[in-house]
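Residue-level listing of the chains:
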Amino acid sequence: MAAHLKKRVYEEFSKVVQIPHEEAPAKKLRLSKPSKSAALHIDLCKATNSTDALQYLLHFARKPVETESVEGVVRILLEHYYKETDNSVRLKIASLLGLLSKTQGFSPDCIVDDAINTLGNEKSHQVLAQLMDTLLVIGTQLPESPAVRQRLIEVACKHLSDTYFGVRNKCLQLLGCLGMVDTPLTKDNEGLGISLGGVRDVQSIISDYFGDQDPRVRTAALKAMLQLHERGMKIHEIIYDQACRLLSDDYEQVRSAAVQMVWVLSHLYPESIVPIPSSNEEIRLVDDAFGKISHMVSDGSWMVRVQAAKTLGSMLQVSPQFLEQTLDKKLMSDLRRKRTAHERAKELFTSGEFSSGRKWADDAPKEKLDTNTVNLIASGACGAFVHGLEDEMFEVRIAAVEALCQLARSSASFAEKCLDFLVDMFNDEIEEVRLQSIHVLREISTHITLREDQLDTVLAVLEDSSRDIREALHELICYTNVSTKECVQLALLELLKNLNKYPTDRNSVWKCLKFMGSRHPTLVLPLVPELLSTHPYFDTPEPDMDDPAYIAVLVLVFNAAKSCPTMPALFSDHTFRHYSYLRDSLSHLVPPLRLPGNGLDLVDSRCGLGSVESAQLFLQQSLNRVSTIQNLEAPGAQDLLDFTIRDLRRLGELQTELAGAADFCATYLRCQLLLMKALQDKLWNMAVPLCLKQNVTATAAAQQILEETYKLEFLYSGLDSRQVATIHHVRLQAKALQLILTARTRQGLDSLISSCEKFLQDIESFQRLFLTELPHLQDSFVDKLLELMPRLSSCKPVELVKILQTTLRQSGLLQLRLPEQIHRATATIIEPTGESDNPLRFTTGLVVALDIDATLEHVQDPQNNVKVQVLYPDGQSHVIHPKPGDFRKPGPDRHRLITQVYLSHTAWTEPSQIEVRLLLAYSSSSTSLSSPSKLGWSDSIDSLPTPETAVEGTIPFSKPVKVYIMPKPARR
């Protein structure tokens with residue numbers, strides 16, 4: 001009963017209160033990383049000896065340190081530094097302090113005091129030197145703190161008296177890197193004991209160590225002074241005498257730095273007057289420095305000789321007589337100081353001696369000169385370039401040749417005088433020296449004219465087995481002037497011998513004769529009857545047009561005839577026919593001529609600058625016309641795009657200057673045309689089983705659009721960010737079309753979900769990459785998608801596909817801005833020509849080498865991106881990556897590929913053709929990631945996320961060449 005009453009009481013007085021549901025605030029999670037300072041402290045405390053501590057420090061140095069942890073790590077290191085007794089551990093700690101100070105985002109001003117305090121009790125010279133290096137790093141990281149820099153300079157000055165050379169080196173390096181550049185010397189800072197605020201004080205302190213007993217310190221002092229110069233401080237002229245004395249130092253590092261110091265001062269004070277020792281004469285400082293550096297070309301160290309030779313090439317303000325003295329080992333008379341007749345008479349008068357007349361010519365001027373005391377240039381400096389060109393080390397010879405080139409380009413008279421010396425270098429034993437000599441002579445060819453004996457020496461190099469040497473010489477002859485018709489005839493005969501011995505040089509020889517004919521029309525004119533084998537009375541047999549030597553002669557004659565109107569009168573009838581044939585087949589070698597009769601007046605007077613401007617105007621009008629296709633029906637819009645693409649492709653063929661821009665616009669419009677055809681109403685208003693053929697066509701169009709966009713992005717150079725954004729926009733439309741077609745084919749739900757997720761990632765990537773270009777993409781496909789992005793992220797795949805289909809069909813053509821400087825990457829295979837009917841025969845299982853010679857235009861990074869593809873008749877394809885050494889760069893935006901491809905196959909019953917072409921490799925990862933942020937200490941690119949969906953492929957960018965091969969069965 002009591003239990004029952006108790007229950008009743010609880011039932012009457014208890015009630016249930018329902019608390020309204022309140023949304024609990026979201027808990028914020030903070031990801032904490034283990035403290036690097038605590039881990040380091042634990043490791044160092046576990047170390048039982050110095051070896052363990054050093055191992056822990058070495059292990060710690062390999063790991064990255066976050067910016068917020070740097071200060072704590074530094075405190076732990078400093079704490080252990082004061083406890084440690086082993087020098088090697090303290091040295092490593094000092095090194096780590098310098099590395100940590102370089103961490104991005106960390107300001108080392110908080111550890112300056114501690115770093116300076118460690119110097120006070122340090123006894124080890126090696127540790128002291130490392131601490132000075134750490135202070136140098138700290139001062140470099142704080143360029144906006146003059147107080148810290150001033151303090152560090154005072155510390156460096158204090159330790160300059162250290163007995164260890166390493167400490168003095170670091171102190172001088174710190175003075176050179178942190179010495180005040182723009183603070184004048186005033187009376188206020190003169191009372192600081194050693195005043196370092198003034199420019200004069202820093203230089204005087206450093207210059208005091210030019211005479212240090214250790215050569216490493218003398219070198220460091222010179223480099224510190226050069227560092228002041230690089231930072232903008234003007235070195236005082238009084239340093240010149242000290243630097244000149246160091247040119248005769250016993251150690252080559254000191255002499256090398258002194259050469260650089262003298263060169264700097266010669267550019268700062270070229271017109272200053274300096275006295276000649278042991279005489280009353282004075283000369284310009286730049287002339288004196290030139291003579292002293294010329295003397296160093298005969299130095300005992302080949303490294304000093306190389307530097308001296310290179311330095312001479314940049315001293316363009318030197319007087320002509322000093323310049324010419326470098327080509328003669330004997331002292332020229334104009335560099336000796338002679339006394340005038342008045343001075344000699346005055347000396348005779350003051351001596352009290354007069355001519356008595358009894359002795360014949362006793363008063364004739366007697367010139368007794370001591371060449372060691374009154375020369376304006378040291379005798380050892382005479383013939384500096386002669387010594388350099390005859391040096392035993394080829395590095396010195398190359399440096400001397402390059403210096404001659406720089407000086408000869410600025411002085412036509414000096415170019416003529418050094419011509420013989422450069423021509424003699426064509427016979428050097430080292431190929432690199434010969435090649436450099438040819439390049440140098442090519443650069444100064446505007447100042448020189450070759451004599452017959454010089455030309456004979458030059459043409460002898462055509463026998464060289466190196467292809468690079470021969471082609472460089474062909475280019476030299478293109479731009480060289482010769483003096484007589486005998487020189488032209490000699491050059492032609494030697495080039496024809498070259499053509500006969502090396503048939504692969506055909507194009508290079510033809511190009512060489514083209515320029516020779518256009519440069520020497522008056523010299524070629526008297527040779528025409530002999531060259532063409534014509535006779536005033538008798539008919540001569542017609543030469544064979546398949547002969548490369550005869551074509552070479554015609555190229556020479558026709559290019560000379562362009563500037564010589566009387567020359568065509570000497571041509572025979574078959575020469576006119578041959579001209580017409582060559583004008584069509586080799587138009588890049590044969591110019592248009594006004595030939596009398598035969599209706600061959602081929603000069604186009606309309607070609608010129610106006611045609612380029614009108615073509616550019618036509619290109620702009622074509623793009624403007626296409627922008628109006630939104631107002632047209634589908635058939636009319638497609639016809640307009642077809643006609644515009646045809647016109648642009650034809651414009652690119654006619655106007656080579658606009659070929660890249662025209663082809664780019666035509667390819668872009670081709671993508672739009674394919675997209676327009678794929679989005680026709682007929683395809684989307686019918687069920688999938690009723691339009692399977694159209695569905696397959698649309699799928700192929702989407703894939704083709706993707707391939708074309710990769711061509712647009714990677715085959716053309718000079719694109720700006722808006723044009724790249726336009727290309728990615730079209731690619732995004734093609735991917736959306738692929739996604740819609742995938743959903744229509746009723747594939748699995750899992751694959752559809754993954755395709756939708758991938759497409760959403762592509763949209764986010766587009767927004768991240770082209771955030772600055774989004775204002776220019778108003779009302780475009782991607783603009784509408786970004787507006788619907790919250791809905792797309794949360795909807796089902798089927799609904800997402802419907803939204804994409806509606807948005808894609810409603811989006812119009814995105815206007816393409818006219819590209820300004822766009823060039824298409826092109827490749828032309830010169831060898832093999834594909835004209836030979838004789839197959840390359842080789843035994844099955846072995847290989848045969850096929851020589852490849854190709855020219856590349858406007859290719860970015862060809863060493864990594866250009867590949868050679870070999871396609872066999874059975875469908876096998878081999879892709880070969882040439883070596884980096886196979887690429888040459890003859891000019892800007894031009895490369896030359898000379899390599900060998902090894903072929904092999906099983907036995908064939910008869911010869912067949914293989915196709916050889918060049919491919920341009922690309923990877924979308926180069927643009928799929930934004931530029932990485934600045935990396936911290938010990939960070940690396942490896943820590944960046946790698947793109948999982950990077951698309952890699954190749955684009956054929958040369959015409960295929962067919963080559964006959966015949967693998968023979970092996971003999972048993």
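Structure's up top.
Worth saying up front: this structure is predicted, and the values here are computed from it rather than measured. (Residues numbered from 1 in each chain as written. Predicted model: local features only at pLDDT ≥ 70, side-chain atom pairs only at ≥ 80, totals over all residues. Heavy atoms only, no water.)

Caption draft 1: Molecular detail of the overall build of the chain. Scanning the chain from terminus to terminus reveals 43 helices and 16 strands. Each of the 972 residues in the chain was classed as buried or not, and the buried ones make up 46%. Considering only contacts within the chain whose residues lie at least 6 apart along the sequence, 72% involve residues at least 24 apart. When the accessible surface of the chain is split by element, carbon and sulfur atoms take 52% of a total near 51,800 Å². (Helix = DSSP H or I, 4+ residues; strand = E, 2+ residues; numbered from the N terminus. Buried < 20%, exposed > 50% of the residue type's maximum accessible area, 1.4 Å probe, protein only. Contact = heavy atoms within 4.5 Å. Areas by Shrake-Rupley, 256 points an atom, 1.4 Å probe, with all protein chains shown as cover.)

Caption draft 2: Representation of empty space enclosed by the protein within the structure. Per the counting criterion, the structure on display carries 2 cavities of 30 Å³ or more. In this structure, the largest cavity occupies an estimated 50 Å³ of space. Leu-623, Val-626, Tyr-668, Leu-669, Leu-813, Leu-814, Gln-815 and Leu-816 together form the lining of the largest cavity. Within the residue set of the lining of the largest cavity, elements represented by two or more residues are α32 (609–626) and α34 (659–678). Along the lines of polarity and charge, the residues of the lining of the largest cavity split into 7 nonpolar, 1 polar and no charged. (1 Å grid on protein atoms, 1.4 Å probe; cavity = no way out; pocket = protein on both sides within 12 Å on 5 of 7 lines; lining within 4 Å. Points joined across faces, edges and corners; volume = space filled by probe spheres on them. Nonpolar A, V, L, I, M, F, W, Y, C, P; charged D, E, K, R; others polar.)

Caption draft 3: Inspection of the packing of helix α3 (residues 50–61) against helix α5 (residues 87–101) at higher detail. Relative to each other, α3 and α5 sit at 20°, their axes nearing to 9 Å. As summarised for this structure, α3 and α5 are arranged roughly parallel, according to the angle between their axes. The crossing of α3 and α5 is left-handed. On α5, the residues that touch Ser-50, Ala-53, Leu-54, Leu-57, Leu-58, Phe-60 and Ala-61 of α3 are Ser-88, Val-89, Lys-92, Ile-93 and Leu-96. (Axes fitted to C-alpha atoms, helices over the stretch in contact; angles between N-to-C directions. Parallel < 35°, antiparallel > 145°, perpendicular 65-115°, else oblique. Left-handed = near helix turned anticlockwise from the far one by under 90°.)

Caption draft 4: Layout of the side chain of Arg-467. Residue placement: Arg-467 occurs in helix α25 (residues 467–478). The residues touching Arg-467, leaving out its near neighbours within four places in the chain, are Thr-504, Asp-505, Asp-853, Arg-896 and Ile-898.

Caption draft 5: Representation of the pairing of strand β10 (residues 866–871). Of all 6 residues making up β10, 5 are buried, and the element is well covered by its neighbours. Judged from the 4 bridges that link them, β10 and strand β11 (residues 877–880) form a sheet pairing that is antiparallel. Directly across from Leu-871, in β11, lies its bridge partner Ser-877. (Pairing = 2+ DSSP bridges.)

Caption draft 6: Summary view of the environment of Ala-224. On the secondary structure map, Ala-224 appears in helix α11 (residues 215–230). For Ala-224, a relative accessible area of 4% gives the class buried. The spatial distance from the C-alpha of Ala-224 to the C-alpha of Gly-179 is 9.6 Å, given a sequence separation of 45 residues. Sequence-distant contacts of Ala-224, that is, excluding residues within four places in its chain, are made with Leu-172, Gly-176 and Ile-206.

Caption draft 7: Geometry of the nonpolar core. Counting residues in hydrophobic clusters, the biggest one holds 173 residues, and the most contacted among them are Leu-135 and Ile-206. Setting aside chain neighbours within four positions, we find Ile-206 in contact with Leu-172, Leu-175, Gly-176, Ala-221, Ala-224, Met-225 and Leu-228. Formed by 103 residues, the second largest nonpolar core is a distinct cluster that contains Ala-666, Leu-732, Leu-737 and Val-801. (Core = buried A, V, L, I, M, F, W, Y, C linked by side-chain atoms within 4.5 Å.)

Caption draft 8: Structural view of the pattern of salt bridges. In total, this model carries 34 salt bridges according to the counting rule given. Between Arg-731 and Glu-713 there is a salt bridge whose closest N-O contact spans 2.6 Å. Of this pair, Arg-731 sits in helix α37 (residues 721–744) while Glu-713 sits in helix α36 (residues 692–714); the two residues are 18 residues apart in sequence, bridging distant segments of the chain. Classification of Arg-731 by relative accessible area gives buried; the value is 4%. Arg-896 serves as the salt-bridge partner of Asp-853, at 2.7 Å between the closest nitrogen and oxygen. Of the two residues, Asp-853 sits in strand β9 (residues 848–857) while Arg-896 sits in strand β13 (residues 894–903), which places them 43 residues apart along the sequence. Judged on exposure class, the residue Asp-853 and its partner Arg-896 are both buried. Connected through shared salt-bridge partners, Arg-467, Glu-471, Asp-853 and Arg-896 make up one network. (Salt bridge = Lys/Arg side-chain N within 4 Å of Asp/Glu carboxyl O.)

Caption draft 9: Region of interest: helix α9 (residues 165–178). Between its first and last C-alpha, α9 extends 20 Å over 14 residues, near the 20 Å set by a 1.5 Å rise per residue. Of the residues making up α9, those classed as buried are Gly-166, Val-167, Arg-168, Asn-169, Cys-171, Leu-172, Leu-174, Leu-175, Gly-176 and Leu-178. (Expected span 1.5 Å × (residues − 1).)

Caption draft 10: Expanded view of the sheet that holds β9. What the 4 strands build is an open sheet, ordered β7-β9-β13-β12; its pairing is antiparallel. Two strands lie at the open edges of the sheet, namely β7 (826–831) and β12 (887–891), each paired on one side alone. Neighbouring strand axes in the sheet, compared pairwise and without regard to direction, differ in orientation by 25° on average. Across 3 bridges, the pairing between β12 and β13 is antiparallel. Within β13, the residue paired with Arg-888 across the bridge is Arg-896.

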